[in-house]
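Commentary on secondary and tertiary structure
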Amino acid sequence: MRGRLVRFGIVAGGLLAGGLVFIRLSAPAVAVQAVELDGQRVPPRGAAEVSPTPRLHVALSRQLAAQDWHIRLDGHLVSIPMAGGPARFLDLALPGPLGLGTSHRLRIETGSRPIDVAFRVVGPLQASVEMRFGPLAIQTVPIIRTRIHFSHPIFDQAAAQGHVRVTRGTSAYRWVDASTLEIVSTGLSLGTSEVVMLDSGIVAADQSFTAGFASAGLAIPSILSVVTPDRVVQMYYVNTPEARASFLAHANQIDVLSPGWYDANADGSITGSARQTIIDAAHARGVQIVPLVVNADVDPDVAHAILADPARRAALANRLVAEAQTYGYAGFQLDFEQVRWTDRNLLTALVQDCARVFHPVGLSLSIAVIPRLPGDENATGAALDYYQAWSGAYDFPALARAADYLSVMTYDEHNGVTLAGPVSGIPWMRQALDYTLRDVPPGKAMLGLPTYYHDWTGVGYLTSSSYADALILAGRYHVTPTLDPTEDEMHFSYVTRWGVHHELWFESGDTLRQKLPLLYEFQLRGVSVWRLGFEDPAFWDLMVPRR
């Protein structure tokens, strides 16, 4: 019989009753059809290059039972865990990790003849994939920027691009340098997702290669002009009739209420002014209460006294836990401001100390932080003073590791030490988020939004109040507020009867709507809004009901 071996033999028991002798036909010879290490065919000559934890893939011409597979690594039989009966394919992690630079020999004895494979262990080429939105705005279609960074320069860039797949849109590729590929995807739609995938086998100039699959995805929100229920709405609260009325009217549009009820004193004690009626109303409506705790009088010396003493840090953390458990708070938000930049590590230590006692008892811990811009630490004059006395105290990545989230105060772009200007212009907000959130996971940061006005009569002469009061002033002085299209903020000026010139900038519901795409562009956790009772009534059109 052609192509088939015939073997004669007597079955145990010898002759059957009928006197016939069984003739057993053997199965076809098995052939090894393919051998791969780390997803690459082994070369016919020379040594394959593999990662320290190589995977072996073998394809046979027919199925074999588990006991018929025989693989040896450097002469030692490799255990083959197999279940489910005979198989044609073997996918096996070889024992490891194997030392970098070492050479090894693999023998595959499953088949008509043994196959020997030589290989050498090299450091694998690593690839990281990062995706983010380009600048988002309500009126524009989304753009997604993907950056793929390889641990070593690439040998053949065109060949490497052949291993990259993008699921949607139209993509343009650009090599930033020999190790970094940037992809810009356009033609995307709201409510869809973009996925970028890298196959194994991308080769570096040193002949190392990617041994595994890498991917990243980014979901495009279906709407950019409201805060959807999957994002957190945190509202700051002070004890005023306007704030109380606003909270009671809109509680179902709020996730977290953060009242400014507590001061931290220099000895680590706390002084509070909780309002039980607000606590009861919040709990009845399903709103979490996460009060602020501020260094008393926003005094840098008070902050330093607490931060520099581990015993006072521990005392403060334990007192906050006790207070939260007494009133049923969900946690606390630290709002230490005007902390000297030289106390940066100590502020991080306080957050770490609080986290150690908050988290085991189920309390959340967050911290309000002042954003920074590139070059702040090298500024001069008032800008340097601001860095050293206000914004320089925050180690954003370290704080994000310890706390549940950071509330980034992306407001007061122009303030009491600057000339008049927008409270939160969109270009500044985007630049501040870009710099501040480097190395901070997106889900651990909140977008700060203001609902108030600033009114300047000169540097250092500043008053602030509500949207309603801004309109009262405009009416009193017979001026019409105008929209600054670049900053996306309302503005007007007026002169009092005493001849004093005022410049006033404020937010409306419409200007805040235009800022909301930043929430999705930077994939943030939600919004932290200062403050209840100051807002344009149209603001609530932006907050989708939470319950």
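Going by the structure above, here's the rest.
What comes next is a walk through the structure. Each residue is numbered by its place in its chain's sequence as written, counting from 1. The predicted origin of the model limits local features to residues at a pLDDT of at least 70 and limits the giving and counting of side-chain atom pairs to 80 or more, whereas totals for whole chains, interfaces and linings rest on all residues. The side-chain values count all of the structure's non-hydrogen atoms but skip hydrogen atoms and water molecules.

**A closer look at the nonpolar core**
This is how it is decided: Buried residues of nine kinds, namely Ala, Val, Leu, Ile, Met, Phe, Trp, Tyr and Cys, make up a nonpolar core once their side-chain atoms join them within 4.5 Å. Burial classes follow relative accessibility: with a 1.4 Å probe on protein chains only, a residue under 20% of its type's maximum area counts as buried, one over 50% as exposed, and anything between as partly exposed. Here, two residues are considered to be in contact whenever any of their heavy atoms come within 4.5 Å of each other.
Membership of the largest hydrophobic core comes to 112 residues, with the highest contact counts inside it found for Phe247, Phe336 and Val527. Leaving out residues up to four positions away in the same chain, Phe247 has contacts with Tyr237, Ile254, Leu257, Ile278, Ala281, Ala282, Val287 and Leu532. Of all hydrophobic cores here, the second largest spans 23 residues; its members include Val30, Leu56, Leu73 and Val117.

**Quick notes on the sheet that holds strand β5 (residues 48–50)**
How we decide: When DSSP finds two or more bridges between a pair of strands, those strands are recorded as paired. Put simply, DSSP marks the helices as runs of H or I at least four residues long and the strands as runs of E at least two long, and each gets a number from the N terminus on.
Spatially, β5-β11-β10-β7-β8 is the arrangement adopted by the 5 strands of the open sheet, whose pairing is mixed. Two strands bound the open sheet, and with one partner strand each, they are β5 and β8 (76–77). Pairing between strand β10 (residues 103–108) and strand β11 (residues 115–121): 6 bridges, direction antiparallel. Bridging across to β11, His104 finds its partner in Phe119.

**Quick word on helix α4 (residues 300–307)**
The criterion, for reference: Two N or O atoms form a polar contact when they lie within 3.5 Å of each other; inside protein one atom must be a possible hydrogen donor and the other a possible acceptor, and for residues adjacent in sequence the pair counts only when both atoms belong to side chains.
Taking burial as the measure, the 8 residues of α4 include 6 buried ones, the bulk of the element. Burial in α4 covers these residues: Pro300, Val302, Ala303, Ala305, Ile306 and Leu307. Turning to α4, the residues buried within the fold contact β21 (262–264), β24 (292–295), α5 (310–327) and α6 (344–358). Backbone nitrogen of Asp301 and a side-chain oxygen of the N-cap are separated by 2.7 Å at the start of α4; the cap is Asp299.

**Considering unusual backbone geometry**
That bond from Gly96 to Pro97 is cis: its omega, 5 degrees, falls within 30 degrees of zero. Along the chain, Pro97 falls in the loop between β9 (87–93) and β10. Following Trp530, the chain continues to Arg531 via a peptide bond in cis, the omega torsion being 0 degrees. Here Arg531 shows up in the segment after β34 (526–530). A positive phi angle, close to 50 degrees, is found at Asp74, a residue other than glycine. Turning to its location among the elements, Asp74 is positioned in the loop between β7 (71–73) and β8. The phi dihedral of Asp488 falls on the positive side, at around 55 degrees, and the residue is not glycine. Inspection of the secondary structure assignment puts Asp488 in the loop between β31 (482–484) and β32 (489–495). We classify Asp488 as buried; its relative accessible area is 8%.

**Here we look at the packing of α5 against α6**
Where we set the bar: Lines are fitted to the C-alpha atoms to define the axes, a helix being fitted only along its stretch in contact, and any angle between axes, read from their N-to-C directions, falls within 0 to 180 degrees. These descriptions rest on fixed angle ranges, namely under 35 degrees for roughly parallel, over 145 for roughly antiparallel, 65 to 115 for roughly perpendicular, and the rest for oblique. Crossings are classed by handedness, with left-handed meaning an anticlockwise turn of the near helix from the far one by less than a right angle and right-handed meaning a clockwise turn. Basically, the charged four are Asp, Glu, Lys and Arg, the nonpolar ten are Ala, Val, Leu, Ile, Met, Phe, Trp, Tyr, Cys and Pro, and anything else, Gly included, counts as polar.
In contact at an axis separation of 9 Å, α5 and α6 are set at 40 degrees when each is read in the N-to-C sense. By the angle between their directions, the pair α5 and α6 is classed as oblique. Handedness of the crossing formed by α5 with α6: right-handed. Residues Arg313, Leu316, Ala317, Asn318, Leu320 and Val321 of α5 touch α6, and the partners they reach there are Leu346, Ala349, Leu350, Asp353, Cys354, Val357 and Phe358. Residues of the contact of α5 with α6, tallied by class, amount to 10 nonpolar, 1 polar and 2 charged.

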